[in-house]
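# A structural walkthrough
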Amino acid sequence: MGGALLSQPWRTVPKSNKDNLDFVKSYKPRNSKVKHLRILLHGPTGAGKSSFINSVDSVLQGRVTGRVPTDATSEKSFTEQYKTYKIHKDQENFYSVIFNDTMGLEKSPDDGVHVEDLKLALRGHVRDGYQINPKRKMQTGDPSYNPSPTLDDKVHVLVSVIPAGSVTLLSEEVWKKMREVRLAARDMGIPQVAILTKVEKACAEANKDIKNVYKSKFLKEQVDMFSEMLGLPLNCIFLVRNYETKNSMNDDISALILCALRHMIDYGEDYLKDL
């Protein structure tokens, strides 16, 4: 676990969460053809995709939630369906940001979500609840195949998720799959963001004080390496600690989550504005 700290943070996080929280709570897509901004999370098994959705839900609800099933022990993906998650604003209304969770990518071609399924999801062809079969990619005649997706069905932001301590440990096969999905999103004009999770496990200083994440020399090196390997600009990569091991809310943890979410919404809104 990396422990050295830089003298100054290489990125600043707002001292107050109010502005970002108010922005997310009041956000509505300006494009009249869209009711929700759709964010697709993808990455290796165990990266924290489902936990990030729970963490966003926690921040917006003001309490730690566990709506999306997660598993801390399994070496295989716990998520087996392509699932859409809306976050309740109140009993009758939802926030205007929705997340799509999916099975993780794995080294073997016979394990994990199929890259072609993710490409179809980007185009809006995959219906909610699709049962993923790693050994068989979706076919156009499948019941879960949506032949005529609307703009609302399509993905508006692609988010790559990877544990901060695993950047150098991922197999070339998984990197190749992530690059293939990234290039497909690029060709569709879909904006992309990345979050490096589990920073508290990767860096002792971040574990001591979460405010140290953007001062950590090790975490900065991981971000630089991730940027180089996936080809994503540094300003699109964010460090996050999920609420998976916490029982109570923490403003500094929420700040990291809100900062990443705010940029996802900003990039997605820019994309929708041009359509």
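Please refer to the structure higher up on the page.
No experiment lies behind these values; they were computed from the predicted model shown. (Residues numbered from 1 in each chain as written. Predicted model: local features only at pLDDT ≥ 70, side-chain atom pairs only at ≥ 80, totals over all residues. Heavy atoms only, no water.)

A few words now on the packing of aromatic side chains. Scanning the model with the defined rule gives four aromatic pairs in all. Both rings, one in tryptophan 175 and one in phenylalanine 226, keep their centres 5.7 Å apart while their planes meet at 55°; by these two values the pair is tilted. Residue tryptophan 175 is located in helix 4 (residues 172–188), and its partner phenylalanine 226 is located in helix 7 (residues 217–230); the two are separated by 51 residues in the primary sequence. Phenylalanine 226 gets classed as buried once you look at its relative accessible area, which sits at 0%. When the ring centre of phenylalanine 94 is taken as origin, the NZ or CZ atom of lysine 86, which lies over that ring, is 5.5 Å away. Over the face of the ring belonging to phenylalanine 23 we find arginine 262, whose NZ or CZ atom lies 3.7 Å from the ring centre. (Phe/Tyr/Trp six-rings, centres within 6.5 Å; stacked < 30°, edge-to-face > 60°. Helix = DSSP H or I, 4+ residues; strand = E, 2+ residues; numbered from the N terminus. Buried < 20%, exposed > 50% of the residue type's maximum accessible area, 1.4 Å probe, protein only. Lys NZ or Arg CZ within 6 Å of the ring centre and 35° of its normal.)

Once that is clear, we can look at the pattern of salt bridges. Following the criterion strictly, the structure yields 13 salt bridges and no others. With a closest N to O distance of 2.6 Å, aspartate 22 and lysine 18 form a salt bridge. Pair noted here: aspartate 22 and lysine 18 are both in helix 1 (residues 18–26), with a separation of four residues, about one helical turn. Judged by its relative accessible area of 35%, aspartate 22 is partly exposed. Residue lysine 211 is joined to aspartate 252 by a salt bridge in which the shortest nitrogen-to-oxygen separation is 3.5 Å. With lysine 211 in the loop between helix 6 (204–208) and helix 7 and aspartate 252 in helix 8 (residues 251–273), this pair connects stretches of sequence that are 41 residues apart. A relative accessible area of 53% places lysine 211 in the exposed class. Connected via shared salt-bridge partners are Glu116, Lys119 and Glu180. (Salt bridge = Lys/Arg side-chain N within 4 Å of Asp/Glu carboxyl O.)

The next subject is the packing of helix 2 (residues 49–61) against helix 8. Axis separation between helix 2 and helix 8 bottoms out at 10 Å; the angle between their running directions is 105°. In terms of their interaxial angle, helix 2 and helix 8 are classed as roughly perpendicular. In this structure, helix 2 uses Phe52, Ser55, Val56 and Val59 to contact helix 8, whose residues at the interface are Ser254, Ile257, Leu258, Leu261 and Met264. Here the residues of the contact of helix 2 with helix 8 sort into seven nonpolar, two polar and no charged. (Axes fitted to C-alpha atoms, helices over the stretch in contact; angles between N-to-C directions. Parallel < 35°, antiparallel > 145°, perpendicular 65-115°, else oblique. Contact = heavy atoms within 4.5 Å. Nonpolar A, V, L, I, M, F, W, Y, C, P; charged D, E, K, R; others polar.)

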